[in-house]
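Now for the letters of each chain:
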Amino acid sequence: IAGITQAPTSQILAAGRRMTLRCTQDMRHNAMYWYRQDLGLGLRLIHYSNTAGTTGKGEVPDGYSVSRANTDDFPLTLASAVPSQTSVYFCASSEVGSVGQFFGPGTRLTVL
Amino acid sequence: QQQVKQSPQSLIVQKGGISIINCAYENTAFDYFPWYQQFPGKGPALLIAIRPDVSEKKEGRFTISFNKSAKQFSLHIMDSQPGDSATYFCAASTPRSGNTPLVFGKGTRLSVIA
């Protein structure tokens, strides 16, 4: 693994289903982030974690949850997906207090 | 309230021309201003960044101009090439305070035509 990996690459999901988007980084970065990207709205922060064991809410956290059990993994869970959660989701990582976030390749999620 | 405002939404530039994208911010605590480049189907990638203690930073054909008093910063792409066609995002954060999440502008889709 080099950098950040996300899985799945894309997913079509029925409304009401539970879904977990996976994110793994091998750079030993302290901080990790989840963004969603929607046309015309840019990238909006969902949740973040400055270190393992801690998480924080971003701009659009409703309907999403995260956990940070270790340094490398930062899964994003949609407990009960709704069509408005159709988006491209990007995971990113960085060192706390450092500059430059590294982004994963994204997960394209469609909720029908 | 949108903390980082980016313009224009889209931009068409002739090959060899100068592309200029502008951003304005609200929060005076921001102390890190990066620009990200995103190609279709890919994640954003850091292009160039500036801190508020300098007014300009240049890396190859890419230059950031920063105006602290006006709370504005801009990206200039000199000698624009078709390979520069991408979406560009400005962003801001406060890493020195330990708060690293980025606040992004809404993006500018740049098309460089031959």
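The structure this text deals with has already been given above.
Figured I'd write up the structure that's included with this text. Here the structure is a predicted model, which is why all the values come from computation and not from measurement. (Residues numbered from 1 in each chain as written. Chains lettered and ligands numbered in written order. Predicted model: local features only at pLDDT ≥ 70, side-chain atom pairs only at ≥ 80, totals over all residues. Heavy atoms only, no water.)

## Re the packing of aromatic side chains
The description of two aromatic rings rests on the distance between their centres and on the angle between their planes.
Then comes step 1: Taken as a whole and assessed by the stated rule, the structure comprises 18 aromatic pairs over all chains.
Then comes step 2: Each ring, one from Y33 of chain A and one from Y35 of chain A, has its centre 6.3 Å from the other, and the planes form 35°; the classification is tilted.
Then comes step 3: The buried category is assigned to Y35 of chain A, whose relative accessible area is 0%.
Then comes step 4: Note on F103 of chain A and F104 of chain B: the rings are 6.1 Å apart at their centroids and 70° apart in plane angle, and the pair reads as edge-to-face. Here the residue F103 of chain A occupies a position in strand β10 (residues 102-103), and F104 of chain B occupies one in strand β10 (residues 99-104), the pair thus bridging two chains. Here the two residues F103 of chain A and F104 of chain B agree in accessibility, since each one is buried. (Phe/Tyr/Trp six-rings, centres within 6.5 Å; stacked < 30°, edge-to-face > 60°. Buried < 20%, exposed > 50% of the residue type's maximum accessible area, 1.4 Å probe, protein only. Helix = DSSP H or I, 4+ residues; strand = E, 2+ residues; numbered from the N terminus.)

## Re the sheet that holds strand β7 (residues 64-66) of chain A
All names here are of chain A.
Then comes step 1: In space, the four strands of this open sheet follow the order β1-β3-β8-β7, with antiparallel pairing throughout. This sheet does not close on itself; its edge strands, each paired only once, are β1 (4-7) and β7. Strand-to-strand twist of the sheet, defined as the mean angle between neighbouring strand axes without regard to direction, takes the value 20°.
Then comes step 2: As judged from the four bridges shared by β1 and strand β3 (residues 19-25), these two strands associate in the antiparallel manner. Within β3, the residue paired with Q6 across the bridge is C23. (Pairing = 2+ DSSP bridges. Axes fitted to C-alpha atoms, helices over the stretch in contact; angles between N-to-C directions.)

## Overview of the interface of chain A and chain B
Put simply, an interface is often sized by how much accessible area is lost when its parts join up.
Then comes step 1: On the chain B side, the residues contacting the 24 residues of chain A number 19 residues.
Then comes step 2: Surface buried jointly by chain A and chain B totals about 1500 Å² across both partners, of which 58% is contributed by carbon and sulfur atoms.
Then comes step 3: Applying the counting criterion to the chain A and chain B interface returns zero salt bridges.
Then comes step 4: The tally of links from chain A across to chain B stands at three residue pairs in polar contact (both at pLDDT 80 or more).
Then comes step 5: When residues of the side of chain A that touches chain B are traced back to their parent elements, those giving at least two are β4 (31-38), β5 (42-49) and β9 (87-94) of chain A.
Then comes step 6: A breakdown of the residues in the side of chain A that touches chain B according to their chemical character gives 13 nonpolar, 10 polar and one charged. (Contact = heavy atoms within 4.5 Å. Buried area = accessible area lost by both parts, 1.4 Å probe. Salt bridge = Lys/Arg side-chain N within 4 Å of Asp/Glu carboxyl O. Polar contact = N/O pair within 3.5 Å; in protein donor to acceptor, adjacent residues only side chain to side chain. Nonpolar A, V, L, I, M, F, W, Y, C, P; charged D, E, K, R; others polar.)

Read these as spatial facts, not as claims about activity.
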